[in-house]
Amino acid sequence: MQYKKNLGQHFLKDQNIVDKLVRHINPSKDDEVVEIGPGNGVMTKSIINRVKKMILIEKDCDLIDDLKRQFHEYENSSILNIDVLNYNLNSLSHSVRVIGNLPYNISTEIIFKMCNCNKIIDMHFMLQKEVVDRIIAKSNSKIYGRLSIMAQAYFNVKKMFDISENVFTPKPKVKSSFVRLSAKKYPFHNKNHENIFYVIVKSAFEGRRKMIKTSLKSYLNASDFNNINLKPDLRAENLTVNDYILISDYVQKI
Ligand code: SAH
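None of the values given here were measured: they were computed from a predicted structure.

What follows deals with helix α10 (residues 241-253). Because each turn of an α-helix spans 3.6 residues, side chains separated by three or four positions end up pointing in the same direction. Between its first and last C-alpha, α10 extends 19 Å over 13 residues, near the 18 Å set by a 1.5 Å rise per residue. In the core, the buried residues of α10 are packed alongside α6 (146-154), α7 (191-206) and α9 (222-227).

If you want it as structure tokens, here you go:
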């Protein structure tokens, strides 16, 4: 088989690791599961018997016939030959659980996209270890950034374990980890608050080395910083996720 590098194809070849991942996902008969990049269906076939429904989203048209051959008898389930970045989970009628051994070249884009989907119960992903480290990073660390804040605003994040590169074909050049993101209660008052949060976090980290009195000057002046009791000479990485939520709440009110 020809593996497509541009589609981040690294297929799991070790059934023991598949079993371990499925154990941690812990599928149950009422679950509706969206799988991103099912590939040759190695994870799918260990899960599809145990859940109510699966939606498989695979971009590579060369893999679709084989997925259809393997899973056509599951009438509840569907196999979509589309790019996950064009898929709107909010259009689903039910809440879903999302899983995937993600294509690493677009893994952060996928996570950003999933952040404001209100139909997600939880997500279990295999990712580059370095991306998982960024997802779970806390404030005041070098790797803490937009990805950490967006993921942690919407989800409780937990790194489960690292995964050896030997369980994939072809072997990836980077280390991998398995991560769980479980949806939190919606942290914003309304959509406006959420949109402002998005813009504030983006502005703060575009000027990562700047003090927030500079990077956020379009939103907050000296007395605003005083009102919210935040030191204006802090930098983006010094603020917690909650600080960003509070700032955006304040900004939407002024
Ligand atoms: N889940 C399989 C394969 C993982 S490799 C396994 O564990 O063995 C990543 C998979 O994502 C590949 O099947 C690749 O074709 C698919 N993929 C890559 N880009 C995608 C995109 N934008 N949308 C949906 N699937 C994509």
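This brings us to the environment of Val167. Looking at the element boundaries, Val167 is found in the loop between β7 (155-163) and β8 (168-169). Note: C-alpha distance between Val167 and Val18 (149 residues apart in sequence) is 9.4 Å. If sequence neighbours within four positions are ignored, Val167 has contacts with Phe11, Leu12, Lys13, Asp14 and Ile17.

In the contact formed by helix α4 (residues 107-115) and α6, the axes pass within 9 Å of each other and the chain directions differ by 35°. When the axes of α4 and α6 are compared, the crossing they make is left-handed. For the pair formed by α4 and α6, the contact residues are Thr108, Ile111, Phe112 and Cys115 on the first element and Arg146, Leu147, Met150, Ala151 and Tyr154 on the second. Broken down by class, the residue content of the contact of α4 with α6 amounts to 7 nonpolar, 1 polar and 1 charged.

Take the domain arrangement of the protein next. For the protein, the assigned domains are domain 1 (5-183) and domain 2 (191-253). Across the contact, 14 residues belong to domain 1 and 14 residues belong to domain 2. Taken over both partners, the interface formed by domain 1 and domain 2 buries close to 1200 Å², and the fraction arising from carbon and sulfur atoms is 60%. On the domain 1 side of the contact with domain 2, Tyr144, Arg146 and Ile149 bury the most area, a combined 45% of that side's loss. Linking domain 1 with domain 2 are 0 salt bridges. The interface formed by domain 1 and domain 2 holds 8 residue pairs in polar contact (both at pLDDT 80 or more) in total.

Conventions used here
Residues numbered from 1 in each chain as written. Predicted model: local features only at pLDDT ≥ 70, side-chain atom pairs only at ≥ 80, totals over all residues. Heavy atoms only, no water. Helix = DSSP H or I, 4+ residues; strand = E, 2+ residues; numbered from the N terminus. Expected span 1.5 Å × (residues − 1). Contact = heavy atoms within 4.5 Å. Axes fitted to C-alpha atoms, helices over the stretch in contact; angles between N-to-C directions. Left-handed = near helix turned anticlockwise from the far one by under 90°. Nonpolar A, V, L, I, M, F, W, Y, C, P; charged D, E, K, R; others polar. Domains from an automatic or database assignment. Buried area = accessible area lost by both parts, 1.4 Å probe. Salt bridge = Lys/Arg side-chain N within 4 Å of Asp/Glu carboxyl O. Polar contact = N/O pair within 3.5 Å; in protein donor to acceptor, adjacent residues only side chain to side chain.

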